[in-house]
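# Remarks on the overall topology
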Amino acid sequence: MMNDLGTDTKGGGKSSAAADKVVEEIRAKGGKAVANYDSVEDGEKLIQTALDAFGRIGVYYFKCGLLSVNVSFLLFCISDLIQRIHLRGSFLVTRAAWNHMKNQKFGRIIMTASAAGIYGNFGQANYSAAKLGMLGLANTLAIEGRKYNVHCNTIAPVAGSRLTETVMPPDLVASLKPEYVAPLVLWLCHEQCQENGGLFEVGAGWIGKLRWERSQGQIVRKKNKSMTPEAVRDQWDKICDFTDATKPATSMVSVLSRMESEDQVGANSTAAAASPASASGINPSMAVGQKLPPTTFSFTHTQCILYALGVGMSTKDPDHLRFLYEGSPDFSCLPTFGVIPSQAAMMEGGLSSVPGLNIDFTQVLHGEQYLELYKPLPTSGKLTSEATIADVLDKGSGAVILLDVHTYSGGELVCYNQFSVFVVGAGGFGGKRTSEKASVPPPKRAPDAVVIDSTTRDQAALYRLSGDWNPLHIDPSFAAMGGFKAPILHGLCSFGFAARHVLKQFANNDPSRFKAIKVRFVKPVMPGQSLQTEMWKEGNRIHIQCKVKETDAVVLAGAYVDLHGASEASPENLTQGGGLQSELVFAEIGRRIKDLGSELVKKVNAVFGWEITKDGKTAAQWTIDLKNGSGSLHKGPYSGKADVTFTVSDEDFMEVVQGKVNPQKAFFSGKLKVRGNIMLSQKLEVILKDYAKL
């Protein structure tokens, strides 16, 4: 739709000629177009014209306005017409289109600002104010729309037009053709363009992106003391020093909050590097702990079978029928299907709504994945996933966002995922560099087993049907934009291949023996290449490394699969027939003590006793000894003396560990009873947090 009221450059008159001429040009080239002659203040009418003609509104480019006579500020009075047309008009048209775009989960909005608004221009105070107002509107629309895939960008063009011909020499107007602006607008409108909140200058074939710059600054008052103009004067050079300037993406709120906790803080301190003022636009103090909206996943045996086919299972192997045929007597779901219900937290744009994560989603890579099962997955049902930002790490060249996702069937915890997302170029904010759950290199010896499995040319096309619809894995043109010669295989598809190789080689395809898997994604795989999984068995941990056979390139590294012992009861059995859910947590704690006992003893230096009750009676006793030797876990009566003993029901214990009930509230309500040195309870976080992973 082409809208033009047909006024002159000062807002007078009215004509359909301008809009009709553009519509005719579009139709002459085989396109579809319709004209509208309403004022932009009648935004609903404009949008309705587009809806009547095309059935939807996906994109609009707001380029309207007029200039008043150029006069100096002293002679100038605010022109209501200029504000109405530029600023109010852009607001009214946006408001009319906004819900249509939100509901269809797609929209592209391009606002037209001006160099006069960005830099100012003599004699154009009214026009400058209106144009910069449009930029502020666009910035807010970009924030509010991004979780609905509605992007808003702003251009400040220099082009020959009815407006600029009144203030530019004729020869300059002739060299600044609108054709040199239109390609940028078309790209920003495209569904593949993920730019959002950008400001671009464009003209004569040149395009440049603008961003703000902020000095490191200086806080010039002390806590609870007055701020004086003399203090401002004395620090003026530091306030205005742009050495090591940052590129802020949000406001200076974090600097203000630090002033309440420190006597005197310089904005160039280490803490400042973690504030929103960093060039990365990342603020861990705001992001960590933020919960994303819960997601639900309903499925039948069809999705389980489709996933198994997506990760290379075939009826050629009789052992695979238990995962491919719902009529099989032991029909089961592959353990790595556990990533599917949880990935909605990533796929539905939840990260874009998290405060402190102002990131460019075109620079996001899947770095690592951890999955842990607490019972075999059901083959149908409804699962609910709850996601939390667990940590944000500064890797220098980029940032790593750790997203914890707990998935429940009813109220029962089924599995836990940790997605490690690498954001290229978002580092340098001064955060910590490592997390608790690091990758583990394989042993330095020949592998105990090697399995080679071919992917098919359509492997990515098949795997994406399980819910990862990223066009990078199907659309050659989109893959080319990412620098790939062809669409690549999903990293989580290779993840599934490797996991099932371990399951068959060391667990006889018994999904109840699968406990956890951790991998680091290194390089992409092209559909049709062969995956070579090398495996090293050390106890119940199987170290794995996955390569492309044709190139010998490592694609999965630092990886392992943890299995339950063949003689152990499965997690499913532990929670049935009167068993205790807390058994799962203590089993995990015991494994962690075995791996990290000496380190925990140094940190904790205490003995904890647990009495787990069920139906009012003691059902189990556990002792966590982190004082002697390299630490140990005992079940049953303990010959020594515990420094502190906790008594709690099995149900309440799980509520506390999963974070559903605050331990202090459980204590004061009588659900959690404590004997001995109660202050040692503060050290429980070292044992439970990041170890039980519940």
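Calculation notes
Residues numbered from 1 in each chain as written. Predicted model: local features only at pLDDT ≥ 70, side-chain atom pairs only at ≥ 80, totals over all residues. Heavy atoms only, no water. UniProt positions renumbered as here; feature names shortened; annotations may be inferred. Phe/Tyr/Trp six-rings, centres within 6.5 Å; stacked < 30°, edge-to-face > 60°. Buried < 20%, exposed > 50% of the residue type's maximum accessible area, 1.4 Å probe, protein only. Lys NZ or Arg CZ within 6 Å of the ring centre and 35° of its normal. Pairing = 2+ DSSP bridges. Helix = DSSP H or I, 4+ residues; strand = E, 2+ residues; numbered from the N terminus. Axes fitted to C-alpha atoms, helices over the stretch in contact; angles between N-to-C directions. Contact = heavy atoms within 4.5 Å. pLDDT = per-residue confidence, 0-100. Salt bridge = Lys/Arg side-chain N within 4 Å of Asp/Glu carboxyl O.

For the protein chain, the name recorded in an unreviewed UniProt entry is Hydroxysteroid (17-beta) dehydrogenase 4, with Amphiprion ocellaris as its organism. The Sequence similarities (unreviewed entry) comment attached to the protein chain in UniProt states, word for word, "Belongs to the short-chain dehydrogenases/reductases (SDR) family." According to the UniProt record, the Pathway (unreviewed entry) comment for the protein chain is "Lipid metabolism; fatty acid beta-oxidation."

### Digging into the packing of aromatic side chains
According to the stated counting rule, one finds 13 aromatic pairs in the structure shown. The interplanar angle of 25 degrees and the centroid separation of 5.3 Å between the aromatic rings of phenylalanine 297 and phenylalanine 299 together place this pair among those described as stacked. Residue classification places phenylalanine 297 among the buried residues on the basis of a relative accessible area of 18%. You can call phenylalanine 299 buried: its relative accessible area is 5%. Taken together, the aromatic side chains of Phe586, Phe608, Trp610, Trp622, Phe646 and Phe653 make up a single cluster linked through ring pairs. The ring of phenylalanine 497 is capped by arginine 500, whose NZ or CZ atom sits 4.8 Å from the centre of that ring. Over the aromatic face of tyrosine 560 sits the side chain of arginine 541, whose NZ or CZ is 3.8 Å from the ring centroid.

### Concerning the sheet that holds strand E10 (residues 381-394)
Within the open sheet, the 10 strands sit side by side as E8-E10-E11-E12-E9-E14-E17-E16-E15-E13. Their pairing is antiparallel. A single partner strand is all that each edge strand has here, and the edge strands are strand E8 (295-299) and strand E13 (449-454). Ignoring strand direction, the axes of neighbouring strands in this sheet form an average angle of 20 degrees. On the sheet, helix H18 (residues 491-507) packs against strand E9 (364-373), E13, strand E14 (514-521), strand E15 (530-538), strand E16 (541-548) and strand E17 (553-563) and is oriented at approximately 50 degrees with respect to E15.

### Here's the deal with the sheet that holds strand E18 (residues 606-614)
With respect to topology, 5 strands assemble into an open sheet ordered E20-E19-E18-E21-E22, the strand pairing being mixed. At either end of the open sheet lies a strand with only one pairing partner, and these are strand E20 (632-635) and strand E22 (672-676). In this sheet, adjacent strand axes meet at a mean angle of 20 degrees when their direction is disregarded. One ladder, built from 6 bridges, connects E18 with strand E21 (residues 644-649); its direction is parallel. Of the residues in E21, the one forming a bridge with glutamate 611 is threonine 647. Sitting on the sheet, helix H20 (residues 582-604) is in contact with E18, strand E19 (617-626) and E20, with an inclination near 20 degrees to E19. Those strands touched by helix H21 (residues 650-657) are E18 and E21, and its axis lies near 110 degrees from that of E21.

### Description of unusual backbone geometry
Positive phi, normally seen in glycine, also occurs at asparagine 149, with a value near 60 degrees. Mapped onto the elements, asparagine 149 comes out in the loop between helix H5 (125-145) and strand E5 (150-157). Of note in the backbone geometry, aspartate 615 takes a positive phi value of approximately 55 degrees without being a glycine. Within the element layout of this structure, aspartate 615 appears in the loop between E18 and E19. The exposed category is assigned to aspartate 615, whose relative accessible area is 75%.

### Let's talk about the confidence of the model for the protein chain
Detailed reading of the predicted model is not advised wherever pLDDT is low. Looking at the protein chain as a whole, its pLDDT mean stands at 81, while 82% of the residues score no less than 70. The low-confidence segment residues 690-694, where pLDDT is below 50, has 27 contacts with residues more than four positions distant or belonging to other chains.

### So, the pairing of E13
Residues Ala449, Val451 and Asp453 of E13 are buried on one face, while the alternating residues Val450, Ile452 and Ser454, pointing to the opposite face, are not. Both E13 and E15 contribute to a ladder of 6 bridges, which runs antiparallel. Residue valine 451 lies in a different strand from E15, and its bridge partner there is threonine 533.

### What to know about the pattern of salt bridges
Counted under the stated rule, the structure contains 16 salt bridges. With its nearest N and O atoms 2.7 Å apart, the salt bridge here joins glutamate 195 to lysine 209. Of this pair, glutamate 195 sits in the loop between helix H7 (182-189) and strand E6 (199-203) while lysine 209 sits in strand E7 (residues 206-210), and the two are 14 residues apart along the sequence. In this structure, glutamate 583 and lysine 635 form a salt bridge, with 2.9 Å as the shortest nitrogen-oxygen distance. In this pair, glutamate 583 sits in helix H20 while lysine 635 sits in strand E20, placing the two residues 52 residues apart along the sequence. Residue lysine 635 is classed as exposed on the basis of its relative accessible area, which comes to 52%.

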